[in-house]
Number of protein chains: 2
Amino acid sequence: MVDSIIVLSGGMDSAVLLAQTLKEGKTAQAISFDYGSKHNDRELPMAVGLCEEFAIKHQIIKLPFIGELFSSSLLTGGEEIPDGAYGQENMKSTVVPFRNGIMLAIAAGYAESVQAGEVLLGSHSGDHHIYPDCRPEFNNAFAEAVNLGTDGQVAIRFPFSEMTKRDIGDLGRTLDLDFAKTWTCYKGGELHCGVCAACDERKEALRHPEGLDVTKYLV
Amino acid sequence: MVDSIIVLSGGMDSAVLLAQTLKEGKTAQAISFDYGSKHNDRELPMAVGLCEEFAIKHQIIKLPFIGELFSSSLLTGGEEIPDGAYGQENMKSTVVPFRNGIMLAIAAGYAESVQAGEVLLGSHSGDHHIYPDCRPEFNNAFAEAVNLGTDGQVAIRFPFSEMTKRDIGDLGRTLDLDFAKTWTCYKGGELHCGVCAACDERKEALRHPEGLDVTKYLV
């Protein structure tokens, strides 16, 4: 038995969530998903490293059917990821249909199997309207469905739902999290590209202009 | 583009749902899941055969992590499936945690990817209380979450929710469905065992005592 299953992408939000959950004295396991995105190859090793560092059990679930059957520019084999801000129309090509719903459903089933009472996801208030399965109304409806579908055994919780990404960055710093051990860039190169929408937000969240961001960017 | 994605197990309910949907003049694709159950080896070839017969596109999604990580007597490697009626306490061992939630989430993402407006599942009024993710209140909550999480693009529907399994059997007969091309038994032998809870219900649904059931049973 374990208290919490954390959906761990290897990005900064879920890394802070992991550090924070353990700091609270909970026992935790992490679950990550390899769904064929262009940046999975960069994110997942970060998730592995974090779980080694925090000495917690880690499951990586492969979902090859998403890369093979679903359409999105975020996926290997999809069109090129556009540059620019998330709000722009062209960023809609990065939606992976119902990705969060699929990940949360699997995490819920796993949690019930190992008798963990909660699944934690690091959604925050700045998650983008272009992703319908990241919006608060979806999160609440899905949590209710999981509550019913597991007979009240598993709660889905979003502890950062009222925080901004910068709040999360600041929290991670107070927890001494090394953000160099997390990955954000959508493009999946050797270094963070520094210009995609995801990098833009990371820079702001980690106070790059103030010189506090330890990330090495290409630009 | 296609009208409907049908979750097709290869059992009698989803086979009737497929026949009925096509009869209504809709275009359809089927999606099946190989999640490591003891009877997947018997069910899935039935699903393949039905899709060939009806000449529709068919995706079989492998979910090996369920067999490897989840606990249930229904899974290969799990304990033995108990005999007896579904209502009994011991039948709870056959619950695969959040199985329907996982299947429906993936079907929803696939539907959005191929621009199908609905996912159909053959749940019926006799689905058992021991499976929390088959209950009507779960179905409704999950459908609402999918509606929100796909921005209204995908509806999850349960056309048989008010019918009994026998109603479904009778409907299939009016559609000339050959029930010998469907599989129900939980035990996954060469023939339907004829004594497990699933076979019991199939016999009743297909009017076995009245001599109308074409299934070959071991007993």
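Residues numbered from 1 in each chain as written. Chains lettered and ligands numbered in written order. Predicted model: local features only at pLDDT ≥ 70, side-chain atom pairs only at ≥ 80, totals over all residues. Heavy atoms only, no water.

In the annotation of UniProt, chain A is listed under the name 7-cyano-7-deazaguanine synthase and assigned to Desulfotalea psychrophila. What UniProt states about chain A under its Catalytic activity heading is, verbatim, "7-carboxy-7-deazaguanine + NH4(+) + ATP = 7-cyano-7-deazaguanine + ADP + phosphate + H2O + H(+)". (UniProt positions renumbered as here; feature names shortened; annotations may be inferred.)

Novice: Where do I start with the UniProt feature "binding site: ATP" in chain A in this structure?
Specialist: All names here are of chain A. When the UniProt feature table is mapped onto this chain, "binding site: ATP" is found at Leu8, Ser9, Gly10, Gly11, Met12, Asp13, Ser14, Ala15, Val16, Leu17 and Leu18. Once residues lying within four places of it in the same chain are set aside, the contact partners of Gly10 are Glu43, Met46, Ala47, Thr182 and Trp183. Relative to the elements of secondary structure, Leu17 occurs in helix α1 (residues 12-23). Setting aside residues up to four positions removed in sequence, Leu17 forms contacts with Ile6, Leu120, Leu121, Gly122, Pro159 and Phe160. (Contact = heavy atoms within 4.5 Å. Helix = DSSP H or I, 4+ residues; strand = E, 2+ residues; numbered from the N terminus.)

Novice: How should the UniProt feature "binding site: Zn(2+)" in chain A be read in this particular structure?
Specialist: All names here are of chain A. Within this numbering scheme, the UniProt entry marks Cys185, Cys193, Cys196 and Cys199 as carrying the feature "binding site: Zn(2+)". Its location among the elements puts Cys185 in the loop between α6 (165-174) and α7 (197-205). Not counting the four nearest positions on each side in its chain, Cys185 is found in contact with His39, His192, Cys193, Cys196, Ala198 and Cys199. Along the polypeptide, Cys196 turns up in the loop between α6 and α7. Residue class for Cys196 comes out buried when judged on its relative accessible area of 1%. (Buried < 20%, exposed > 50% of the residue type's maximum accessible area, 1.4 Å probe, protein only.)

Novice: Got a minute to help me understand the confidence of the model for chain A in this structure?
Specialist: A low pLDDT means the predicted coordinates there should not be read in detail. In this model, chain A carries a mean pLDDT of 91, and residues with pLDDT of at least 70 account for 96%. For this predicted complex, the interface confidence reaches an ipTM of 0.92, while the overall pTM sits at 0.93. (pLDDT = per-residue confidence, 0-100.)

Novice: Explain the relation of the copies chain B and chain A here, please?
Specialist: Both copies of the chain are related by one operation, a rotation about an axis with a shift along it. Superposing chain B onto chain A requires a rotation of 180° together with a translation of 0.0 Å along the rotation axis, leaving an RMSD of 0.0 Å. The transformation just described matches what one would write down for a two-fold rotation axis. In this assembly, 100% of the residues forming the interface of chain B have copies in chain A that are likewise at the interface, indicating an isologous arrangement. (Least-squares fit on C-alpha atoms with pLDDT ≥ 70 in both.)

Novice: Teacher, can you tell me more about the sheet that holds strand β1 (residues 4-7) of chain B here?
Specialist: Consider a sheet: its strands pair through backbone hydrogen bonds, and that pairing is either parallel or antiparallel. All names here are of chain B. Across the sheet, five strands lie side by side as β3-β2-β1-β4-β5; this open sheet has parallel pairing. The strands lining the two open edges of the sheet, one partner per strand, are β3 (58-62) and β5 (155-157). For this sheet, the mean angle separating the axes of adjacent strands, direction not counted, is 25°. Alignment of strand β4 (residues 118-120) against β5, held across three bridges, turns out to be parallel. Bridging across to β5, Glu118 finds its partner in Ala155. Of the strands in this sheet, β1, β2 (28-34) and β4 touch helix α1 (residues 12-23), which is tilted by about 160° from β1. Most of the contacts of helix α4 (residues 99-113) go to β2, to which it runs at about 145°, and overall it touches β1, β2, β3, β4 and β5. (Pairing = 2+ DSSP bridges. Axes fitted to C-alpha atoms, helices over the stretch in contact; angles between N-to-C directions.)

Novice: Which parts of the structure should I look at to understand α1 of chain A?
Specialist: What sets the pattern is the α-helix's 3.6 residues per turn: residues three or four places apart point alike. Residue and element names in this part refer to chain A. In this model α1 runs 16 Å from its N-terminal to its C-terminal C-alpha over 12 residues, within 8% of the 16 Å that 1.5 Å per residue would give. Of all 12 residues in α1, nine are buried; the element is thus mostly enclosed. Three or more residues of α1 are buried, namely Met12, Asp13, Ser14, Ala15, Val16, Leu17, Leu18, Ala19 and Thr21. Packing partners of the buried residues in α1 comprise β1 (4-7), α2 (40-54), β4 (118-120), α6 and α7. Immediately downstream of α1, the backbone of Gly25 shows phi near 90°, a positive value. (Expected span 1.5 Å × (residues − 1).)

Novice: Could you clarify how one ought to interpret the interface of chain B and chain A in this entry?
Specialist: How large an interface is tends to be reported as the accessible area lost when its parts come together. In this complex, chain B contributes 33 residues to the contact, which on the side of chain A involves 34 residues. Of the roughly 2,700 Å² buried where chain B meets chain A, counting both sides, 74% is carbon and sulfur surface. Here Asp151 of chain A and Arg135 of chain B are joined by a salt bridge, their closest N and O atoms 3.0 Å apart. For the pair chain B and chain A, the interface holds two residue pairs in polar contact (both at pLDDT 80 or more). For the side of chain B that touches chain A, the elements supplying multiple residues, two or more each, are β3, α3 (64-69), α4 and α5 (136-149) of chain B. (Buried area = accessible area lost by both parts, 1.4 Å probe. Salt bridge = Lys/Arg side-chain N within 4 Å of Asp/Glu carboxyl O. Polar contact = N/O pair within 3.5 Å; in protein donor to acceptor, adjacent residues only side chain to side chain.)

Novice: Even after reading the chapter, I still don't get the packing of aromatic side chains, so can you show me in this structure?
Specialist: The relative placement of two aromatic rings is captured by the distance of their centres and the angle of their planes. For the structure shown, the criterion picks out nine aromatic pairs over all chains. Both rings, one in Phe138 of chain A and one in Phe142 of chain A, keep their centres 5.3 Å apart while their planes meet at 40°; by these two values the pair is tilted. With Phe138 of chain A and Phe142 of chain A both in helix α5 (residues 136-149) and four residues apart, the pair spans about one turn of that helix. Look at Phe142 of chain A and you get buried, because its relative accessible area is 0%. Ring-pair connections join several aromatic residues into one group, and the members of that group are Phe98, Phe138 and Phe142 of chain A together with Phe98, Phe138 and Phe142 of chain B. Stacked on the ring of Trp183 of chain A, the Lys or Arg Arg42 of chain A has its end atom at 4.4 Å from the ring centre. In this structure, Lys203 of chain B is placed above the aromatic ring of Tyr217 of chain B, and the distance from its NZ or CZ to the ring centre is 4.9 Å. (Phe/Tyr/Trp six-rings, centres within 6.5 Å; stacked < 30°, edge-to-face > 60°. Lys NZ or Arg CZ within 6 Å of the ring centre and 35° of its normal.)

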